[in-house]
Amino acid sequence: MTENRPGASANLATEAVVRAAPDGYTLLTVSDANAYNATLYDNLKFNFIRDIAPVASIARDPFAIEVHPSVPVKTVPEFIAYAKVNPGRINMASAGIGSGNHIAGELFKMMTGVNLVHVPYRGAGPALVDLLGGQVQVFFGPIAVSIEYVRAGTLRALAVTTAKRSEPLPDLPTVGEFVPGYEASAVWGVGAPRNTPAEIVDKLNKEINAGLAEPKIKARLELGGTVLPGSPTDFGKLIADETEKWGKVVKFANIKPE
């Protein structure tokens, strides 16, 4: 059974799992939000890395830098140059303060020195609508949501944000090809309450990895991203690395939760 616990940028769901019995029956869908929140929120009632046992990673999904066709650029270098001669005049949409596309955009700003005006929305859908309408000029959008608009030419994609190119859009370069070291993505996985017995974690990990190898599941997950099979230790290291990386961006941009 799946139980949605929306609110507070995944913190309510995380706290519910932290407080659950460590018996393998209550699990958390871990996302990149958990990595951001460790720095974004000052008064969390848990320590994510300490209180959630990593079980398995599932997938890494890219964003794409997408611009309205009225923006006179076709490449990342052209966009950087255009933004530098138009400081504070380009509106950057996001799904909300502290969302994945917001943080990806802030990393881009930090690494390139451009001045984009952040415009937060309540979800990726409204942000995409206003990008299509030209009310905002750029959006670090989830590929799975916006790929058809890119293919139709109603949005122009400049690059994907992952370290490797995306299979659905193989001709689209990565940001890192022009901004060395840049990488941003939505990471998904499964966590359990701390003190969950190792044999339960290992059994869950084995079953999840088996599922990721199933062709139908793999194809669905790779619609916009890449499957991430691996051990609990692998996932734990990924969580720690992402938390450290994004903590620096949150601090640099002085992002405060709504």
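Structure first, text after, so check above.
Just so it is clear, the model here is predicted, and its values are computed rather than measured.

(A) Broad picture of unusual backbone geometry. Phi at Asn195 is positive, roughly 75 degrees, even though this residue is not glycine. Mapped onto the secondary structure, Asn195 falls in the loop between strand S7 (185-193) and helix H8 (198-213). Positive phi, close to 55 degrees, is recorded for Asn254, a residue that is not glycine. Relative to the elements of secondary structure, Asn254 occurs in the segment after helix H10 (232-253).

(B) Structural detail: the pattern of salt bridges. This structure, assessed with the given rule, holds ten salt bridges. Of the charged contacts in the structure, one is a salt bridge between Arg19 and Glu15, with a shortest N-O distance of 3.1 Å. According to the relative accessible area criterion, Arg19 is exposed, its value standing at 62%. By relative accessible area, Glu15 is classed as buried at 18%. Here Asp51 makes a salt bridge to Arg194, at a shortest N to O gap of 3.5 Å.

(C) A look at the packing of aromatic side chains. This model, assessed by the stated rule, comprises four aromatic pairs. With 6.1 Å between their ring centres and 40 degrees between their planes, Phe79 and Phe108 make a pair best called tilted. Pair noted here: Phe79 is in helix H4 (residues 76-85) and Phe108 is in helix H5 (residues 100-112), with a separation of 29 residues, a long-range link. Residues Phe79 and Phe108 agree in their burial class; the two are buried. Aromatic pair Phe108 and Tyr182: ring centres 6.2 Å apart, planes at 80 degrees, arrangement edge-to-face.

(D) Structural detail: the pairing of strand S2 (residues 52-67). For S2, a buried count of 13 out of 16 residues is recorded, marking the element as mostly surrounded by other parts of the structure. Two elements, S2 and S7, share nine bridges in a ladder whose sense is antiparallel. Among the inter-strand pairings, Pro54 is bridged to a residue of S7, identified as Gly191. Examined bridge by bridge, S2 and strand S8 (residues 226-227) share two bridges and lie antiparallel to one another. By the bridge assignment, Ala59 is partnered in S8 with Val227.

(E) Quick peek at the side chain of Glu183. Position of Glu183 among the secondary structure elements: in the loop between strand S6 (156-160) and S7. In contact with Glu183, not counting residues within four places along its chain, are Arg60, Leu107, Thr161, Thr162, Ala163, Lys245 and Trp246.

The rules we used
Residues numbered from 1 in each chain as written. Predicted model: local features only at pLDDT ≥ 70, side-chain atom pairs only at ≥ 80, totals over all residues. Heavy atoms only, no water. Helix = DSSP H or I, 4+ residues; strand = E, 2+ residues; numbered from the N terminus. Salt bridge = Lys/Arg side-chain N within 4 Å of Asp/Glu carboxyl O. Buried < 20%, exposed > 50% of the residue type's maximum accessible area, 1.4 Å probe, protein only. Phe/Tyr/Trp six-rings, centres within 6.5 Å; stacked < 30°, edge-to-face > 60°. Pairing = 2+ DSSP bridges. Contact = heavy atoms within 4.5 Å.

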